[in-house]
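Fold and contact review
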Amino acid sequence: MHLEFSYNKEDVLNALRYHFMQQGETKVFRNTLFILLVVAVAGYAYSIVTVGAMLGIAAMIVLITLVFWYLLPVSIYNKAATFKDDIRLRYSEEGIIISTRSSESQRELSWSNFTKVIEAKNFFFLYRGKKNFFLVPTSAFETEAEQKEFGRLAKNNIP
């Protein structure tokens with residue numbers, strides 16, 4: 001089967017946010033900040049923590065949220081030329097072949113090159129490691145049957 005698509009910036013940014021929020025390090029960091037906030041609020045209620053400390057903790061949480069929710073996804077989007085190019089993708093039982101409009105070269109990847117697949121609302125995430133992945137937008141498929149077939153191929157062939 002054959003797909004041609006371009007990435008939508010806002011959809012890619014949301015996909016990158018989803019990816020970052022699913023990472024173990026981010027979850028630990030997020031939970032640690034939540035616990036710190038709860039302890040600080042409890043400390044403030046018992047007059048152990050000052051208003052300045054509460055404001056400092058709140059500012060830190062806002063800053064970290066901005067980094068993970070806005071700055072990191074935007075910087076990755078801006079650095080990756082792939083997100084700004086037209087993609088041609090062929091897929092079969094053997095794997096996928098990726099090419100772009102700006103380059104005549106093709107990249108063949110067997111399904112075994114990928115470590116896992118995640119099907120989200122707007123994208124298939126084809127991971128080639130813990131942090132390296134290729135996005136296939138679900139909007140690129142002409143029919144729901146094609147989308148399901150791609151998902152089946154990916155799930156059945158990725159170890």
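Everything discussed here concerns the structure shown above.
Residues numbered from 1 in each chain as written. Predicted model: local features only at pLDDT ≥ 70, side-chain atom pairs only at ≥ 80, totals over all residues. Heavy atoms only, no water.

As for the overall build of the chain
Looking only at helices and strands, the chain has 4 helices and 7 strands in total. Reading the chain from its N end, one meets helices and strands in the order β-α-α-α-β-β-β-β-β-β-α. Relative to the globule expectation of 15 Å for 159 residues, the C-alpha radius of gyration of the chain, 20 Å, shows a markedly less compact shape. Its C-alpha atoms give the chain principal-axis dimensions of roughly 65 × 30 × 25 Å. With 159 residues in all, the chain has 36% of them scored as buried. Partitioning the contacts of the chain with sequence separation of at least 6, the portion at a separation of at least 24 is 53%. By element, 59% of the accessible surface of the chain is carried by carbon and sulfur atoms, the whole surface being about 9700 Å². Placing the 18 positive and 15 negative side-chain charges of the chain at their respective mean positions leaves the two points 10 Å apart. (Helix = DSSP H or I, 4+ residues; strand = E, 2+ residues; numbered from the N terminus. Rg over C-alpha atoms; globule rule 2.2 N^0.38 Å. Buried < 20%, exposed > 50% of the residue type's maximum accessible area, 1.4 Å probe, protein only. Contact = heavy atoms within 4.5 Å. Areas by Shrake-Rupley, 256 points an atom, 1.4 Å probe, with all protein chains shown as cover. Lys, Arg positive; Asp, Glu negative; His and termini not counted. Charge placed at Lys NZ, Arg CZ, Asp CG, Glu CD.)

Here's the deal with helix α2 (residues 24–45)
One turn of an α-helix holds 3.6 residues; hence residues three or four places apart share an orientation. With 22 residues, α2 extends 32 Å between its outermost C-alpha atoms, agreeing within 8% with the 32 Å of an ideal straight helix rising 1.5 Å per residue. If you follow the buried residues of α2, they end up packed against α1 (9–22) and α3 (51–79). Where α2 terminates, the next one or two residues include Ser 47, which has phi positive at roughly 60°. (Expected span 1.5 Å × (residues − 1).)

Concerning unusual backbone geometry
In this structure, Ser 47 takes a positive phi of about 60° despite not being glycine. Mapped onto the elements, Ser 47 comes out in the loop between α2 and α3.

A short note on the sheet that holds strand β4 (residues 103–110)
Backbone hydrogen bonds hold the strands of a sheet together, and the pairing may be parallel or antiparallel. Pairing within the open sheet is antiparallel, and its 4 strands lie in the order β1-β2-β3-β4. Looking at the sheet topology across the chains shown, the edges are occupied by β1 (2–6) and β4. Here the average twist between neighbouring strands, direction ignored, is 20°. Here β1 pairs with strand β2 (residues 86–91) via 5 bridges, running antiparallel. Looking at β2, one finds that His 2 is bridged to Arg 90. (Pairing = 2+ DSSP bridges. Axes fitted to C-alpha atoms, helices over the stretch in contact; angles between N-to-C directions.)

These values are about where atoms sit, not about what they do.
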